[in-house]
Every structure is written in structure tokens, then in C-alpha cells.
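Residues per chain are reported as follows:
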Amino acid sequence: MEPRPNLITNTFSSTNHKFVLHKADQKIFNWNVQIFALPDISISTAKATSSPKNASWEIAGTGISYDKLVVRFLLDENLEAWQEIYTWLKEIVDPYKNQPTNLYGQAESTAAIHITTNNHSSLGKVFTFHRLFPVRLGGIEFDATVSDPGILSCEVTFAYDVYDLEIGAGVT
């Protein structure tokens, strides 16, 4: 029997991605995303039993759930991405009344994470998060005591309904 040929030509680098946010109000953002992780997916289970021995076992249930998407992005000196999420959160819930606004349905959007090759050309694989909206905007830490200042970053947490892997899509 001949050995199988090695089909892997390059390793998969954690830096090979592009994050594109398509906001429902038609704005499109290409953020400088520093870190993200594909969220966990899980299905529900149920206990099945048989008589007369009362044996039981786990079977697949009827539901699927997705953990939230957490993205850390780099801040520009005008805080444009941070301001966009801050405004978006206030569009979803009125901070003065602590009530959902009429814009909730309009605030839902789609985010796409384009996976690229080591030379940053498209691999044609895109993770698309549907009906996405922010639920948490992290703080920004300013520190005047550091001797070597770095670029500031911030985390945002998104809720969404489902995410899909599209194969054959290009980077936009």
C-alpha cells in the first residue's frame, strides 16, 4: 500500500484573517482585529431509557447553541471603532430609560471573518455571523506609568443567531 500524499502545503497561521462588519444601516467596517476565537457550538442532549432494565444513555437533543463572539480590536487615535460600538449599544437600549429602543431590529447586522493564506490572499473560507449585535463593550486601560507605550485595544462581545462556514467566498 502506498503512503498517502501530504496534502498540507502551509501551516494555518492565527494572523491570517480579516474581520468585516456589515451593519444593518449599510455601514461597512474593516476593523484592525487583534484577537478573536471561533465560538463553541454545542447541541442539547436527552436521556433515553429502556425497560425493564432501566438502562439509560445520552441521545442527541433538538437544540443547538452558540457561545458569544468576542473580538479584541486595536484602537485608532480617534476611537472610531469604539465609538461605533458605543453608539450601537445605545441604539439598542436607551441608557436613560433602560428600555429597548425601536431600532432593535434595525441594529442587527452580519459579521464576516475571512480566512486568508500566509501571503494574505483569500482562501475562500468565510465564517459569517448572522443577526449579530453587540452586548458588551470592554473598557480601555490608559497607563501613564509604562516606559514603552503600546497600541491600545478593546474587546467587544457580540450575540448572534447562527454562524456558517462559506467555502468559495472571496475577501471583500
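Notes on the structure follow. (Residues numbered from 1 in each chain as written. Predicted model: local features only at pLDDT ≥ 70, side-chain atom pairs only at ≥ 80, totals over all residues. Heavy atoms only, no water.)

Residues F19, W31, F129, L132 and F158 are the most contacted members of the largest nonpolar core, which totals 28 residues. If you list the elements that add at least two residues to this core, you get β1 (17–22), β2 (28–31), β3 (33–36), β6 (69–74), α1 (80–92), β9 (109–116), β10 (122–137) and β11 (153–159). For this core, the leading source of residues is β10, giving 5 residues. (Core = buried A, V, L, I, M, F, W, Y, C linked by side-chain atoms within 4.5 Å. Buried < 20%, exposed > 50% of the residue type's maximum accessible area, 1.4 Å probe, protein only. Helix = DSSP H or I, 4+ residues; strand = E, 2+ residues; numbered from the N terminus.)

Let's shift gears to the side chain of T157. Within the secondary structure, T157 sits in strand β11. Residues in contact with T157, not counting those within four places in the same chain, are K68, L69, V70, F133, P134, V135 and R136. (Contact = heavy atoms within 4.5 Å.)

When the charged atoms of two side chains lie near each other, side chains of opposite charge can form a pair. For the coordinates displayed, the defined rule picks out 5 salt bridges. The shortest N-O distance in the salt bridge between K23 and E84 comes to 3.2 Å. In this pair, K23 sits in the loop between β1 and β2 while E84 sits in helix α1, placing the two residues 61 residues apart along the sequence. The exposure class assigned to E84 is buried, which follows from its relative accessible area of 11%. In this structure, the salt-bridge partner of R72 is E155, at a minimum N-O distance of 3.3 Å. With R72 in strand β6 and E155 in strand β11, this residue pair connects regions lying 83 residues apart in the sequence. We classify R72 as partly exposed; its relative accessible area is 28%. (Salt bridge = Lys/Arg side-chain N within 4 Å of Asp/Glu carboxyl O.)

With that out of the way, let us pick up the packing of aromatic side chains. Tallied over the entire structure, the rule returns 8 aromatic pairs. Between W88 and F158, the aromatic rings sit 6.2 Å apart at their centres with planes inclined by 55 degrees, giving tilted as the arrangement. Here F158 lies in strand β11 and W88 lies in helix α1, a separation of 70 residues in the sequence. Judged by relative accessible area, W88 falls into the buried class, the value being 0%. A relative accessible area of 0% means that F158 is categorised as buried. These aromatic residues form a ring-pair network of at least three members: Y66, F127, F129, Y160 and Y163. (Phe/Tyr/Trp six-rings, centres within 6.5 Å; stacked < 30°, edge-to-face > 60°.)

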